[in-house]
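# Report on the structure
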Amino acid sequence: DRYIKIWNLDDGRQARSYDAHRGCITSLTWLSHLRLLASTSLDHSVAIWNFKGECAVRTKFPCSIYSAGYSTKNDLLVIGGARRMFILKLVNSKDEWDLVFEHTFEEHSDFISQIVCTPAGRIFSCGYDGFICAFELNVEDKLVLM
C-alpha cells in the first residue's frame, strides 16, 4: 500500500502511520547514521523521511522505482527502476535536504528488484533479467561496473 507504518516493539501496536506515496511503496531503506528513512514507490518517486515522520525531500524519476540501498562508505543512495539504476547524493544545506543526481547505469534489461550496498563500498544490483551486476568506485571516485 501507500503507507509507512511504525510499530511499537514493546506492545506490538501500531504507533504511527504516514500516507507516504500516491502509488504502492516498493522499498524502505534505513540511513542509520543520518537517522533518515528512504522510501521508493511505483509513483516514480523516492522520499526521505526524518525521525519525526516528516518528508524531508521527495524527488520524481522517469520510471517506477522498485528498490533502494544506501552505501554508508560512499554516502550514496542507490535506487533501481525499470532497466535503470540511479546514483544519488543526499546533501544537507542549512537543515534542508536535497537529492543530487550523480549517475545512471542501464546495465539491466528488466526492472531492478534488489540493491545491496556492502560495508566495503561495493554495490550489487539484481534484476528480473536474471543478471547480477557489481559496481565499485574507481580511482577517480566514479562508480564503475566491475
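Everything that follows concerns the structure shown earlier in this document.
Being a predicted model, the structure only gives us computed values, none of them experimental.

## Points about the overall build of the protein chain
- Regarding its fold elements, the protein chain presents zero helices and 14 strands.
- By principal-axis analysis of the C-alpha atoms, the protein chain measures approximately 45 × 35 × 30 Å.
- Of the contacts made within the protein chain by residues no fewer than 6 positions apart, 31% connect residues no fewer than 24 positions apart.
- When the accessible surface of the protein chain is split by element, carbon and sulfur atoms take 50% of a total near 8,400 Å².
- Distance between charge centroids for the protein chain: 5 Å, based on 16 positive and 18 negative side chains.

## Examining the pairing of strand 3 (residues 25-31)
- Here strand 3 runs beside strand 4 (residues 36-41); their pairing, made up of six bridges, is antiparallel. In the sheet register, Thr29 faces strand 4, and the bridge partner there is Ala38.

## Looking at the sheet that holds strand 3
- Strand order in this open sheet of four strands is 3-4-5-6, and the pairing throughout is antiparallel. Two strands close off the open sheet at either side, each with one partner strand: strand 3 and strand 6 (55-60). Neighbouring strand axes in the sheet, compared pairwise and without regard to direction, differ in orientation by 15 degrees on average.
- In this sheet, strand 5 (residues 45-49) lies alongside strand 4 in antiparallel orientation, the contact comprising four bridges. Bridge pairing in strand 5 links Thr40 to Val46.

## Thoughts on the sheet that holds strand 7 (residues 65-71)
- Pairing in this open sheet of four strands is antiparallel, and the strands run 7-8-9-10 from one edge to the other. A strand with exactly one partner marks an edge of an open sheet, and here the two such strands are strand 7 and strand 10 (96-105). Along the sheet, successive strands turn relative to each other by an average axial angle of 25 degrees, direction set aside.
- Sheet analysis places strand 8 (residues 76-81) next to strand 9 (residues 85-93), joined by four bridges and oriented antiparallel. Looking across to strand 9, one finds that Val78 is bridged to Ile87.

## Considerations on the pattern of salt bridges
- Summed over all chains, the structure comprises two salt bridges.
- The partner of Arg2 in a salt bridge is Asp19, and the shortest N-O contact between them spans 2.9 Å. One end of the pair, Arg2, is in the segment before strand 1 (3-7); the other, Asp19, is in strand 2 (residues 14-19), and 17 residues separate them in sequence.
- For Arg122, the salt bridge goes to Glu136, with nearest N and O atoms at 3.0 Å.

Each value, and the rule that gives it
Residues numbered from 1 in each chain as written. Predicted model: local features only at pLDDT ≥ 70, side-chain atom pairs only at ≥ 80, totals over all residues. Heavy atoms only, no water. Helix = DSSP H or I, 4+ residues; strand = E, 2+ residues; numbered from the N terminus. Contact = heavy atoms within 4.5 Å. Areas by Shrake-Rupley, 256 points an atom, 1.4 Å probe, with all protein chains shown as cover. Lys, Arg positive; Asp, Glu negative; His and termini not counted. Charge placed at Lys NZ, Arg CZ, Asp CG, Glu CD. Pairing = 2+ DSSP bridges. Axes fitted to C-alpha atoms, helices over the stretch in contact; angles between N-to-C directions. Salt bridge = Lys/Arg side-chain N within 4 Å of Asp/Glu carboxyl O.

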